[in-house]
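Notes for the structure review
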Amino acid sequence: MVDLTGKHAVVTGGGSGAGAAIAVALADAGAVVTVMGRRMEPLMALADQHANIHCQAADVTDMDSLFAAFDAASADHGPAGIVIANAGAAESAPFHRMDMELWNRMLSVNLTGTYLTAQAGYEDMKGLGWGRIIAIASTAGLRGYPYVSGYSAAKHGVVGLVKSLALEAAKTGITVNAVCPGFMETPMLDESIRNIMEKTGRSEEEARKSLVKDNPQGRFIQVQEVADMVLWLCGEGAASVTGQALSLSGGEI
Ligand SMILES: NC(=O)c1ccc[n+]([C@@H]2O[C@H](COP(=O)([O-])OP(=O)(O)OC[C@H]3O[C@@H](n4cnc5c(N)ncnc54)[C@H](OP(=O)(O)O)[C@@H]3O)[C@@H](O)[C@H]2O)c1
C-alpha cells in the first residue's frame, strides 16, 4: 500500500470528476491535499468531507492566481511534493468552424494550465529532492478524434511537455508522467453527451453508444481507476517510471 504520510499534494480541478477522486485517494493514503479550481463551492464541499483536504481558489490559465494559490498552500502545509495537473476542459467543433477563441481556450486551460501548474510546483520539489508531477492528459493526447482538434492538439502538447520535463528532472528525484484516460464517467462526459444530443438530435443512449464504441472493453473509464493509477505513480515502486504517457483506455490505444 502506498503511504503518503507527511507529503503535501496539490490537485488542480480537484472539486469534481477525476480530480476529486484523486484528491480523496491521496488523502486516504495519508497526504495533506490542497484542491484548486475556480469555483470555491465544490472545493469546499470536498474539503468538508475529509480532514486531510483543504482548498484554494485558482485559475490555472492565470499565472498570478495560480502561483498565489501555491504560495498560500505551501505556507499552510509546506512545499508540495506531489502536483497533479488535472484541470481541463473539452469543447468540440468541426475543424472549419473552430475559431481562434475556441482554439485559444483549449490551449490555455489544457496545455498552458499544465505548464503553469508544473512550474508552480517544480522549484519547491527540487528543494525537497523528491517529487511527483502527474498530468491528466487523455487518449486524445495519443491519437486523434474528429471534432476536437484543438483539445487533442493541447493534450498531445501535454504529453510532449511531460516527456521533456522528465528528462530534465531525471537526476532530481522527481518523476513526471501523464495519465491518459479514454472517455471517462465525469461531468465532462455528461457535457459531451448533452452536446451530441443537442447537435445531432440523438437520444442519450445513442450518444453514449457513439462514445463508448471507442473502448474495446465497451465501457467508460471510472474515476477510481484514474485515482488508483495516480496513487501508484506516487509510490516508491514507481520511482523509475518517468516520461511516460500511460494509457488507461481498455485497450483503445
Ligand atoms: N471525462 C472524460 O471523458 C475525460 C477523458 C480523458 C481525459 N479527461 C481529462 O481529465 C481531466 C479532469 O476532467 P473531468 O473529466 O474530471 O472533468 P470535470 O469534472 O469537468 O473537471 C474539470 C475540473 O477542472 C477545473 N477547471 C476547469 N478550468 C479551470 C481553470 N481555468 N482553472 C482551474 N480549474 C479549472 C473545473 O473546476 P472549475 O470549473 O471550478 O474551475 C473542474 O473541477 C481533464 O484534464 C480532462 O481533459 C477527461
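Residues numbered from 1 in each chain as written. Predicted model: local features only at pLDDT ≥ 70, side-chain atom pairs only at ≥ 80, totals over all residues. Heavy atoms only, no water.

Note the threshold: UniProt positions are given in the numbering used here, feature names are shortened, and annotations may be inferred rather than shown by experiment.
As recorded by an unreviewed UniProt entry, the chain carries the name NAD(P)-dependent dehydrogenase (Short-subunit alcohol dehydrogenase family) and is attributed to Aestuariispira insulae. Under Sequence similarities (unreviewed entry), UniProt gives the following word-for-word description of the chain: "Belongs to the short-chain dehydrogenases/reductases (SDR) family."

A closer look at the layout of surface pockets
Selection criterion: In the cavity and pocket records, a cavity denotes points on a 1 Å grid over the protein atoms alone where a 1.4 Å probe fits but cannot get out, a pocket denotes an open set with protein on both sides within 12 Å along at least 5 of 7 lines, and lining residues are residues with an atom within 4 Å of a point. Grid points are joined across faces, edges and corners, and a volume is the space filled by probe spheres set on the points. Here a helix means four or more residues in a row that DSSP labels H or I, a strand means two or more in a row labelled E, and each is numbered from the N terminus. Throughout this entry, Asp, Glu, Lys and Arg are counted as charged residues, while Ala, Val, Leu, Ile, Met, Phe, Trp, Tyr, Cys and Pro are counted as nonpolar. The remaining residues, Gly among them, count as polar.
Here the second largest pocket is characterised by a volume of approximately 180 Å³. Every residue along the wall of the second largest pocket is listed here: Tyr 115, Ala 118, Gln 119, Tyr 122, Glu 123, Leu 161, Leu 165 and Glu 168. For the lining of the second largest pocket, the elements supplying multiple residues, two or more each, are helix H4 (100-128) and helix H5 (149-169). With five residues, the single largest contributor to the lining of the second largest pocket is H4. Here the lining of the second largest pocket is built from residues that sort into five nonpolar, one polar and two charged.

Comments concerning the side chain of Asn 215
Condition: Accessible area is worked out with a 1.4 Å probe on protein chains only. A residue is then buried under 20% of its type maximum, exposed over 50%, and partly exposed in between.
Turning to its location among the elements, Asn 215 is positioned in the loop between helix H7 (204-212) and helix H8 (223-234). A relative accessible area of 7% places Asn 215 in the buried class.

With respect to the packing of aromatic side chains
Put simply, the rule reads: Side-chain rings of Phe, Tyr and Trp, where Trp is taken by its six-membered ring, are said to pair if the distance between their centres is within 6.5 Å; with planes under 30 degrees apart they count as stacked, over 60 as edge-to-face, and otherwise as tilted. Consider the ring centre and the ring normal. A charge sits over the ring if Lys NZ or Arg CZ is within 6 Å of that centre and within 35 degrees of that normal.
Evaluation of the coordinates by the stated rule reveals one aromatic pair. It is Lys 7 that lies over the ring of Trp 130; its NZ or CZ is 4.0 Å from the centre. Stacked on the ring of Tyr 145, the Lys or Arg Arg 143 has its end atom at 3.9 Å from the ring centre.

Concerning unusual backbone geometry
Residues other than glycine predominantly adopt negative phi, and peptide bonds predominantly adopt the trans conformation. In the Ramachandran plot, Tyr 147 falls in the positive-phi region, its phi being about 75 degrees despite a non-glycine side chain. Relative to the helices and strands, Tyr 147 is located in the loop between strand E5 (131-136) and H5. The exposure class assigned to Tyr 147 is exposed, which follows from its relative accessible area of 54%.

Concerning the site of the ligand
Worth spelling out the cut-off: Note on terminology: near, applied to a residue and a molecule or strand, indicates that one of the residue's heavy atoms is within 4 Å of it. Each polar contact in these results corresponds to two N or O atoms within 3.5 Å; when the atoms are within protein, one needs to be able to donate a hydrogen and the other to accept it, and residues that are neighboring in sequence are counted only if both atoms are side-chain atoms. Here the accessible surface of atoms and residues is derived via Shrake-Rupley with a 1.4 Å probe, and residues count as covered only by protein chains that are part of the display.
As a structural note, the neighbourhood of the ligand is formed by 27 residues, with Arg 38, Arg 39, Asn 86, Tyr 151 and Thr 186 the closest of them. For the ligand, an oxygen atom lies 2.6 Å from a polar atom in the side chain of Thr 186. In the complex, the protein chains occlude 92% of the 880 Å² of accessible area that the ligand would expose alone. Those elements that place two or more of their residues in the shell around the ligand are helix H1 (17-28), H5 and helix H6 (187-200). Here the residues of the shell around the ligand sort into 13 nonpolar, 10 polar and four charged.

Notes on the sheet that holds strand E1 (residues 8-12)
Worth spelling out the cut-off: Strands are treated as partners if at least two bridges between them are detected by DSSP. Geometry is summarised by axes, namely lines fitted to C-alpha atoms with helices restricted to the contacting stretch, and by angles between N-to-C directions that run from 0 to 180 degrees. Contact definition: two residues touch when any of their heavy atoms are within 4.5 Å.
Overall, parallel pairing links the seven strands, which are arranged E3-E2-E1-E4-E5-E6-E7 in an open sheet. Looking at strand neighbours, the two that pair on one side only are strand E3 (53-57) and strand E7 (245-248), the edges of this open sheet. Going across the sheet, the axis of each strand differs from the next one's by a mean of 20 degrees, ignoring polarity. Note: strand E4 (residues 82-85) against E5, four bridges, orientation parallel. When the sheet's bridge partners are listed, Val 83 is paired in E5 with Ile 133. Running over the sheet, helix H2 (residues 40-49) touches strand E2 (32-37) and E3 and is turned about 165 degrees from E3. Here helix H3 (residues 63-77) sits on the sheet in contact with E1, E2, E3 and E4, set at roughly 160 degrees to E2.

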